[in-house]
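Each chain, written out:
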Amino acid sequence: MKIPLHVKARKELTNILNNLLSSFNKYEQNSTFIDPAEIKSILIIRPNYRIGNLIFLTPLINELYKQMPNTKIDVIVGMKLAGEILKPLPNIDKIINIPRELLLHPMDMFTFIKETQQKKYDLAINIMGASTSSQLVTSLVNAKYKASYYNEKSWTRLTHTTELTRCYKHIGLESLELVKLFGIEPPKNPPTLDIKLTQEEQDLAQKDFDNLISDKKTKTIALFRNARFDKKIADEWWEDWIQELRLLNKNIVIIDILSPDIPTKLNDTVLEYSNKNLRLLGAFFKECDLYVSADTGPMHLAVASDAKVLALFNKTSIDAFGALGDKNKTIDINELSAKDVAKITHEFL
């Protein structure tokens, strides 16, 4: 499935709007540091509805907790369900959801803005620099300091900026560079993604796993078949992969992870599991011996839940979006058959 025309058109219109607004509102880069001692409340602005993009906030959130343990953080997201992934992190105070529907209901949007402005933050951080929605929210929130990466296409007035040097290859670690706003160097040995599962969450996931799997000696693979647009792998390919995998080990159990976009399991030879609580879903991935999928948000959820991950890429950059962590593996399957990948899976398992 190729990227829909309306998605391409929206991006093009956004670029045009940003170029126009930035031409009327130029500002200079301000690279002075913010004193961490001044900051007791932070608002992170990331009005995005994709699971992976919100999980990519965890390196920054966890580093801020390490450097400023008494500072409380609110996060503006674009999807309540995905935002709940971040809520239990130790320094998170509140998750604020901007539903996409608000764009179609001006009065609801006005009410949301009014409620948001009631709280004054010491610092608001726009994660996505030139993003139109992020800049709009940044311009409306009430904060002593407003900061982001410097970008020539930005039109929101900021008190502080820092340069995105891309010292990390992986997009999921980019947010770590924002600690430079405080005069802190990004960690040379960067952490992986981490949603900090609680013991209670892991216990609940283990109960689900035990109810599903009777023979604890079998190897279990959590399979998620969905992905956005042309990153998605066809069901026929997965069928071949499972068949080849079982020729190598007939006792492997495949657990098909269902979702609103995948309401039914692949075939009668696989088990099925679903959970609307994304943190418990991540904890379930950790219970399995291996998680396998294409490049998709649940793959990063699996990484952030400390599951063992095999990611199968066919379009996107492995360096930029692959499965982080030394115990995980990402492979390009463009030149590989389902049989080839089954062999790699079996050896990795």
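Residues numbered from 1 in each chain as written. Predicted model: local features only at pLDDT ≥ 70, side-chain atom pairs only at ≥ 80, totals over all residues. Heavy atoms only, no water.

Engineer: I'd like a rundown of the overall build of the protein, residues and numbers included.
Structural biologist: Helix and strand counts for the protein stand at 12 helices and 12 strands. Counting only residues that meet the buried cut, the protein has 51% of its 349 residues in that class. Look at the contacts in the protein between residues 6 or more apart in sequence, and 59% of them connect residues 24 or more apart. Working note: accessible area of the protein is about 17600 Å², and carbon and sulfur atoms make up 52% of it. (Helix = DSSP H or I, 4+ residues; strand = E, 2+ residues; numbered from the N terminus. Buried < 20%, exposed > 50% of the residue type's maximum accessible area, 1.4 Å probe, protein only. Contact = heavy atoms within 4.5 Å. Areas by Shrake-Rupley, 256 points an atom, 1.4 Å probe, with all protein chains shown as cover.)

Engineer: Can you break down the pairing of strand β5 (residues 142-149) residue by residue, with the values?
Structural biologist: With respect to burial, β5 is a largely interior element, 6 of its 8 residues being buried. Across 6 bridges, the pairing between strand β4 (residues 120-126) and β5 is parallel. In the sheet register, Lys120 faces β5, and the bridge partner there is Asn142. Between the parallel elements β4 and β5, the chain passes through helix α6 (residues 132-140) in a crossover that is right-handed. (Pairing = 2+ DSSP bridges. Right-handed = clockwise from strand over helix to strand, strands pointing away.)

Engineer: Can you explain the side chain of His300? Please cite residues and give values.
Structural biologist: Its location among the elements puts His300 in helix α10 (residues 297-304). Ignoring sequence-local partners within four residues, the contact set of His300 consists of Gly52, Ile55, Phe56, His170, Leu193, Asp295, Phe321 and Gly322.

Engineer: So what's going on with the pattern of salt bridges? Which residues, and what values?
Structural biologist: Per the counting criterion, the structure on display carries 12 salt bridges. For Glu177, the salt bridge identified is with Lys180, shortest N-O distance 2.8 Å. Three or more residues joined by partner-sharing salt bridges are found here, namely Asp74, Asp93 and Lys119. (Salt bridge = Lys/Arg side-chain N within 4 Å of Asp/Glu carboxyl O.)

Engineer: Could you give an account of the nonpolar core, with specific residues and numbers?
Structural biologist: Soluble globular proteins tend to pack their nonpolar side chains together in the buried interior. In this structure, Ile42, Ile44, Val75 and Phe182 are the most contacted members of the largest nonpolar core, which totals 68 residues. Residue contacts for Ile44: discarding those within four places in its chain leaves Leu57, Leu60, Ile61, Leu64, Ile73, Asp74, Val75, Ile76, Ile125 and Ile127. With 25 residues, the next largest nonpolar core counts Trp241, Ile252, Ile254 and Val270 among its residues. (Core = buried A, V, L, I, M, F, W, Y, C linked by side-chain atoms within 4.5 Å.)

Engineer: Give me helix α9 (residues 278-287): which residues, what numbers.
Structural biologist: In terms of residue burial, α9 counts as a mostly covered element, since 8 of its 10 residues are buried. Buried within α9 we find Leu278, Arg279, Leu280, Leu281, Gly282, Ala283, Phe284 and Phe285. Taking the backbone nitrogen of Arg279 as reference, a side-chain oxygen 3.0 Å away marks Asn277 as the first, capping residue of α9. (Polar contact = N/O pair within 3.5 Å; in protein donor to acceptor, adjacent residues only side chain to side chain.)

Engineer: Can you break down the environment of Asp319 residue by residue, with the values?
Structural biologist: For Asp319, the location among the structural elements is in helix α11 (residues 318-321). For the pair Asp319 and Thr330, spaced 11 residues apart in sequence, the C-alpha separation works out to 9.3 Å.

Engineer: Give a detailed account of unusual backbone geometry, specifying residues and quantitative values.
Structural biologist: Its identity as a non-glycine residue notwithstanding, Lys196 has a phi of 55°, on the positive side. Secondary-structure assignment places Lys196 in the loop between β6 (160-162) and α7 (199-212). We classify Lys196 as partly exposed; its relative accessible area is 34%. In this structure, Phe229 is a non-glycine residue whose phi angle is positive, near 55°. Take Phe229: its relative accessible area is 17%, and that puts it in the buried class.

Engineer: Please provide a residue-by-residue account of the side chain of Thr345, values included.
Structural biologist: Here Thr345 lies in helix α12 (residues 338-348). Given a relative accessible area of 0%, Thr345 falls into the buried group. Beyond its immediate sequence surroundings of up to four residues, Thr345 is in contact with Ile221, Trp241, Leu245, Leu290 and Leu310.

Engineer: Can you explain the environment of Gly183? Please cite residues and give values.
Structural biologist: Within the fold, Gly183 resides in the loop between β6 and α7. Residue classification places Gly183 among the partly exposed positions, given a relative accessible area of 42%.

Engineer: Could you give an account of the packing of α9 against α10, naming the residues involved and the relevant values?
Structural biologist: α10 packs onto α9 with a crossing angle of 70° between their chain directions and a minimal axis gap of 8 Å. The orientation of α9 relative to α10 falls into the category roughly perpendicular. The handedness of the crossing between α9 and α10 is right-handed. Of the residues in α10, those touching α9 at Leu278, Leu281, Gly282 and Phe285 are Pro298, Leu301 and Ala302. For the contact of α9 with α10, the class distribution of residues is 6 nonpolar, 1 polar and no charged. (Axes fitted to C-alpha atoms, helices over the stretch in contact; angles between N-to-C directions. Parallel < 35°, antiparallel > 145°, perpendicular 65-115°, else oblique. Left-handed = near helix turned anticlockwise from the far one by under 90°. Nonpolar A, V, L, I, M, F, W, Y, C, P; charged D, E, K, R; others polar.)

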